[in-house]
Amino acid sequence: MLKNANSVRLAMWSGPRNISTAMMRAWENRSDTAVWDEPLYAYYLRASGEQHPLREEVLAAGDDNWRRVTARCSGNEELSVPIFYQKHMTHHVLPEVGYDWLDGLQHCFLIRDPTRVVQSYLLKREAVALADIGIERQWQLFDELCQRRGNPPLVIDSADFLRNPESYLKVICAYIGVGFEPSMLAWPAGPRASDGVWAPHWYHAVQASTGFQAPPARAVEALLDHPVAEAANRYYQQLWAQRSVLS
């Protein structure tokens, strides 16, 4: 395949327990896209010392040198595909990584009500801290990109998205200057070679999926005063105010 010097590099920024992996499935199901699942995860675990599930497997499989990873993300080599989709967790970008590498990417921010995020996160881990869900860092990255570019990047709320996936996928495609493909709406169930090695702990639902699905209804009243959800809400509300709304 010929090298494509004009490839679009899309960074999709979210915290955990959003629809980020399903979104990655949608883009990988296109005819013209390669995906990278959480490029900075190994670096983040090494630098932070966090004891996440499957930590040693992630460190063994990934590159923990942030300079090499960000250089690959932002364009130090030509690509053989038109679109390079990167699923990023915002909290993986620790302060030493800096921001200059972001200039080589297009950016979209995927947000979710933090009460729902905390609820979902606690199904997978015993405790949660504000830093674990990435929302404060997401706001910092958004603000930085606004200043660097002079205009805000695209923000999509997952609840809005799940009510109309096709229309919002078209919004994202138009934003980065590519055509929509109907194949983005449905994909085969099962694991993918592109899934991170952490998939056995985190990806049960998405590996069983064949398309975007509304999340199961769960009562959240017991979490409405959870301190992490409460602390996260002010960042979420600032991003929510910038979200794309269909006319």
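Right above here is the structure, for reference.
Report follows, based on the coordinates. (Residues numbered from 1 in each chain as written. Predicted model: local features only at pLDDT ≥ 70, side-chain atom pairs only at ≥ 80, totals over all residues. Heavy atoms only, no water.)

Take unusual backbone geometry next. In this structure, Arg-17 takes a positive phi of about 60 degrees despite not being glycine. Secondary-structure assignment places Arg-17 in the loop between β1 (8-14) and α1 (20-28). One non-glycine residue, Glu-38, lies in positive phi territory at about 50 degrees. (Helix = DSSP H or I, 4+ residues; strand = E, 2+ residues; numbered from the N terminus.)

This part covers the environment of Trp-27. Position of Trp-27 among the secondary structure elements: in helix α1. Measuring from C-alpha to C-alpha, the distance between Trp-27 and Gln-207 comes to 15 Å, with 180 residues separating the pair along the chain.

We now examine helix α4 (residues 66-74). When α4 is considered as a whole, its buried residues turn out to be Trp-66, Val-69, Thr-70 and Cys-73. Projection of α4 onto a plane perpendicular to its axis shows the buried side chains occupying an angular sector of 90 degrees, all on one side. When the buried face of α4 is taken as reference, the exposed residues oriented beyond 90 degrees from it are Arg-67 and Arg-68. Turning to α4, the residues buried within the fold contact β1, β2 (33-37), α2 (41-48) and β3 (83-89). Following α4 by one or two positions, Gly-75 adopts a phi angle in the positive range, close to 120 degrees. (Buried < 20%, exposed > 50% of the residue type's maximum accessible area, 1.4 Å probe, protein only. Arc of directions from axis to C-beta. Contact = heavy atoms within 4.5 Å.)

Once that is clear, we can look at helix α5 (residues 114-121). Summarising burial for α5: seven of the eight residues are buried, a large majority. Listed in full, the buried residues belonging to α5 are Pro-114, Thr-115, Val-117, Val-118, Gln-119, Ser-120 and Tyr-121. Its buried side turned inward, α5 meets α6 (130-133), α10 (199-202) and α12 (227-240). Where α5 begins, the capping side chain belongs to Asp-113, and its oxygen is found 2.9 Å from the backbone nitrogen of Thr-115. (Polar contact = N/O pair within 3.5 Å; in protein donor to acceptor, adjacent residues only side chain to side chain.)

That's the geometry; what it means functionally is another story.
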